[in-house]
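Here are the chains, one letter per residue:
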Amino acid sequence: MGHHVTSYSDLPAPALRLDLDQDALQSNWRALDRMSGGARAGAAVKADAYGLGVHKVVPVLQAAGCDDFFVAHWSEVRAVLEVASPGSLSVLHGPLTPPDAAYAQATDVKPVINSLEQARRWIDAGGGRCDLMVDTGMNRLGVTLDQLGEPMLAQLEIDVLLSHLVAAEEDTPLNVIQCERWNDARTRVRHKRASLANSGGIALGEAYHGDLTRPGIALYGGVPRPEMAPMLRQVVRPQTAILQVRHVEAGETIGYNATFTAPAAMRVGTIALGYADGYLRCWSGKGRFCAAGTILPVLGRVSMDLTVVDLTHAPDVAEGDWITADYALPQAAVTTGLSQYELLTLLGRRFGR
Ligand SMILES: *Cc1c(COP(=O)(O)O)cnc(C)c1O
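Residues numbered from 1 in each chain as written. Predicted model: local features only at pLDDT ≥ 70, side-chain atom pairs only at ≥ 80, totals over all residues. Heavy atoms only, no water.

Using the following cut-off: UniProt positions are given in the numbering used here, feature names are shortened, and annotations may be inferred rather than shown by experiment.
Within an unreviewed UniProt entry, the label attached to the chain reads alanine racemase, and the organism entered is Novosphingobium resinovorum. UniProt, in the comment section headed Catalytic activity (unreviewed entry), describes the chain in these words: "L-alanine = D-alanine". UniProt annotates the chain under Sequence similarities (unreviewed entry) with the comment "Belongs to the alanine racemase family."

So this is what it looks like as C-alpha cells:
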C-alpha cells in the first residue's frame, strides 16, 4: 500500500532548505546592541528579514530583547504582525496613498514620514505616532533639512527621527557630514528618539548611535566593516539534497555548454539547486559545498534547477544525502561579485524555511 495523499497541502519536504542558526542570530543582535552603547539596537526585517523569513527571525530577535522592527512595504506588515506587536513596527516607505495611511491607523503600525506630502496624508488620516525620515545625503527618501521648519511637521507626533548613511561601510568624510546634519536636524524638530546607524554605522562610534540603531545585514551574518567580523557569526546555510550520483569518464563534459571537461574518471552528484533559487550562474565552476568536512566543488554551469558537484573525494556521500553550500557572506561576495545583501535576498521561495 502506497502513502495516501489526503490533501494537496500534504506536500513532501522540499529538497532545499535554509538552515538558520538561531543562536548565531541572537548572538549577533546582542553583539550589535552592545556595540550600540547607550542606544538600543532595533532590526531591519524588510524583504522577509533579508530572505530568511520574518516568522522565524522576529521571534528570535524579540526573545533577545529587540523592540523596534523596520519593513519597507505595507505588504510586509501582516507577516510581522503575526509575531510582533504593531507599536514596534515601522514602515520605511511611508504612506503613499490614503489607503496606506488608513491601514496604519487601523493597525497602529508606525508610518515613516518621508515628505511633506506624506505628512499631510498622515495628518488628514488622523495623525498620531509616526517616525520621520530626514535626508542627510542619500537623496532617496526623506524630508530635506530646509523643510524641517515647516509648520506641518510640528503637527506630527514623532517617535523616531531617522536618517540613513550613504556609505557606513567605508571611511569617507560623508559619514561625518551626515552625522553633523542629523545632529542639526535633532535640534530642529520635536521627537522622542533619534536614529542614524545601520549595521556599518554602529561601528563608526558613539556619535552615530543616538537612541536607536537599525542593523540589518549584520544580524544575518553580513560583515559590513572588517573590524566587526570577530563579533558576528554566520547565520544562514543553504542546504540541498543530492538527487543523483553519476560516474563520468575522462574527457566527458558536464552541464550546459560543456564548460567543464573531466580530466579523469570522476564521481559526481546532481543537486536540487539552481539559479531560479538564487544560486546564480556566477557560482559556476566556483561554488563549493561541504559534506562531513569534505569540500565538494561545483563543476560546470549552474542551471535553472540543477547543479553538479564533485563527489570524487566523498565516496560515502550518496543519493538523498544533504550537503551544505559554502555561504559565509563576506567570502561569498568576493567570490561572486554579488553584494552580501544580494546573496541573502536572492535565496528563492523553493527553500524550506
Ligand atoms: C535596510 C535599512 C537598514 C539596515 O541596513 P543594513 O545596512 O542592512 O544594516 C537601516 N535603515 C534603513 C532606513 C534601511 O532601509
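From this point on, the discussion continues.
## Observations concerning the pattern of salt bridges
Where side chains of opposite charge bring their charged atoms close, a pairing between them can arise. Rule in force here: A side-chain nitrogen of Lys or Arg and a carboxyl oxygen of Asp or Glu constitute a salt bridge if their distance falls within 4 Å. In this text, helices come from DSSP runs of H or I with a minimum length of four residues, and strands from runs of E with a minimum of two, each type numbered from the N-terminal end. Burial classes follow relative accessibility: with a 1.4 Å probe on protein chains only, a residue under 20% of its type's maximum area counts as buried, one over 50% as exposed, and anything between as partly exposed.
Enumeration over the complete set of coordinates arrives at 15 salt bridges. Between Arg-233 and Asp-21 there is a salt bridge; the shortest N-O distance is 3.9 Å. Placement of Arg-233 in the loop between β10 (212–213) and β11 (236–248) and of Asp-21 in the loop between β1 (16–20) and α1 (22–35) is noted, with a sequence separation of 212 residues between them. With a closest N to O distance of 3.0 Å, Asp-124 and Arg-120 form a salt bridge. With a gap of four residues between them, Asp-124 and Arg-120 both fall in helix α6 (residues 116–124), about one helical turn apart. Among the residues examined, Asp-124 registers a relative accessible area of 55% and is labelled exposed.

## What to know about the environment of Ser-9
Relative to the helices and strands, Ser-9 is located in the segment before β1. For the pair Ser-9 and Gln-178, spaced 169 residues apart in sequence, the C-alpha to C-alpha distance is 51 Å.

## Brief notes about the side chain of Arg-267
Heads up, the rule is: In the analysis that follows, any N or O atom pair within 3.5 Å is treated as a polar contact, provided that within protein one partner can donate a hydrogen and the other can accept it, and provided that, for residues neighboring in sequence, both atoms belong to side chains. We call two residues in contact whenever any of their non-hydrogen atoms come within 4.5 Å of each other.
Its location among the elements puts Arg-267 in strand β14 (residues 266–271). There is a polar contact of 3.0 Å between the side chain of Arg-267 and the backbone oxygen of Ala-314. Sequence-distant contacts of Arg-267, that is, excluding residues within four places in its chain, are made with Val-245, Arg-246, His-247, Asp-310, Leu-311, Thr-312, Ala-314, Pro-315, Val-317 and Ala-318.

## Re the UniProt feature "binding site: substrate" (unreviewed entry) in the chain
When the UniProt feature table is mapped to this numbering, "binding site: substrate" (unreviewed entry) covers Arg-140 and Met-304. Their sequence span is 165 residues, while the largest C-alpha to C-alpha distance among them is 34.3 Å; these annotated residues do not converge on one region. Structurally, the position occupied by Arg-140 is in the loop between β7 (129–133) and α7 (151–154). For Arg-140, a relative accessible area of 60% gives the class exposed. Overall, Met-304 belongs to the partly exposed group, its relative accessible area being 42%. Residues contacting Met-304, with those up to four places away along its chain left out, are Gly-274, Tyr-275, Ala-276, Asp-277 and Arg-350.

## Focus on the site of the ligand
The following threshold applies: Here, proximity means that at least one heavy atom of the residue falls within 4 Å of the molecule or strand. Exposure was quantified through the Shrake-Rupley algorithm and a 1.4 Å probe, taking into account, for residues, occlusion by the shown protein chains and nothing else. Note on residue categories: nonpolar means Ala, Val, Leu, Ile, Met, Phe, Trp, Tyr, Cys or Pro, charged means Asp, Glu, Lys or Arg, and polar means any other residue, Gly included.
If you check the shell around the ligand, you find 13 residues, and the closest are Lys-46, Tyr-50, Ser-199, Ile-217 and Tyr-341. At a separation of 3.1 Å, an oxygen atom of the ligand approaches a polar side-chain atom of Asn-198. Relative to its unbound accessible area of 390 Å², the ligand is 92% covered by the protein chains. In terms of residue class, the shell around the ligand is made up of seven nonpolar, four polar and two charged.

## Observations regarding the packing of aromatic side chains
Two numbers describe a pair of aromatic rings. These are the distance of the centres and the angle of the planes. Inclusion rule: Each Phe, Tyr or Trp ring, with Trp reduced to its six-membered ring, pairs with another whose centre is within 6.5 Å; inter-plane angles below 30 degrees give stacked pairs, above 60 give edge-to-face pairs, and intermediate values give tilted ones.
Under the counting rule described, the total for this entry stands at six aromatic pairs. Relative to Tyr-220, the ring of Tyr-50 lies with its centre 4.9 Å away and its plane at 45°, an arrangement referred to as tilted. Residue Tyr-50 is located in helix α2 (residues 46–50), and its partner Tyr-220 is located in the loop between β10 and β11; the two are separated by 170 residues in the primary sequence. Residue classification places Tyr-220 among the buried positions, given a relative accessible area of 1%. When the ring of Tyr-279 is compared with that of Phe-289, the centres are 5.6 Å apart and the planes differ by 55°; the resulting orientation is tilted. You can see Tyr-279 sitting in the loop between β14 and β15 (288–291) and its partner Phe-289 sitting in strand β15, a full ten residues away along the chain. Assigned by exposure class, Tyr-279 and Phe-289 land together as buried.

## Overview of the pairing of β11
The cut-off we apply is this: When DSSP finds two or more bridges between two strands, those strands count as paired.
As paired strands, β1 and β11 are joined by five bridges and run antiparallel to one another. Bridge pairing links Arg-17 to Gln-239 in β11. Where β11 meets strand β18 (residues 322–325), three bridges bridge the pair, whose relative direction is antiparallel. For Gln-239, the partnering residue across the bridge sits in β18 and is Thr-324. Across six bridges, the pairing between β11 and β14 is antiparallel. Note that in β14 the partner of Val-248 across the bridge is Met-266.

## Structural notes on the nonpolar core
Test applied: Here, the term nonpolar core denotes a set of buried Ala, Val, Leu, Ile, Met, Phe, Trp, Tyr and Cys residues that are joined through side-chain atoms within 4.5 Å. Where each domain starts and ends comes from a domain assignment, either automatic or drawn from a database.
Core analysis: the largest hydrophobic core is formed by 88 residues, its most contacted members being Val-45, Leu-61, Leu-132, Leu-156, Tyr-220 and Phe-289. Summarising the domain contributions, this core has at least three residues from each of domain 1 (22–224) and domain 2 (236–345). Counting residues in hydrophobic clusters, the runner-up holds eight residues, among them Val-248, Met-266, Val-268 and Leu-299.

## Describing the side chain of Thr-136
With respect to the helices and strands, Thr-136 occurs in the loop between β7 and α7. For Thr-136, a relative accessible area of 3% corresponds to the buried category. Engagement of the side chain of Thr-136 in a polar contact is seen with the side chain of Gln-178, the distance being 2.9 Å. Look past the residues within four positions of Thr-136 in its chain and what remains in contact with it is Ser-163, His-164, Gln-178, Arg-181 and Trp-182.

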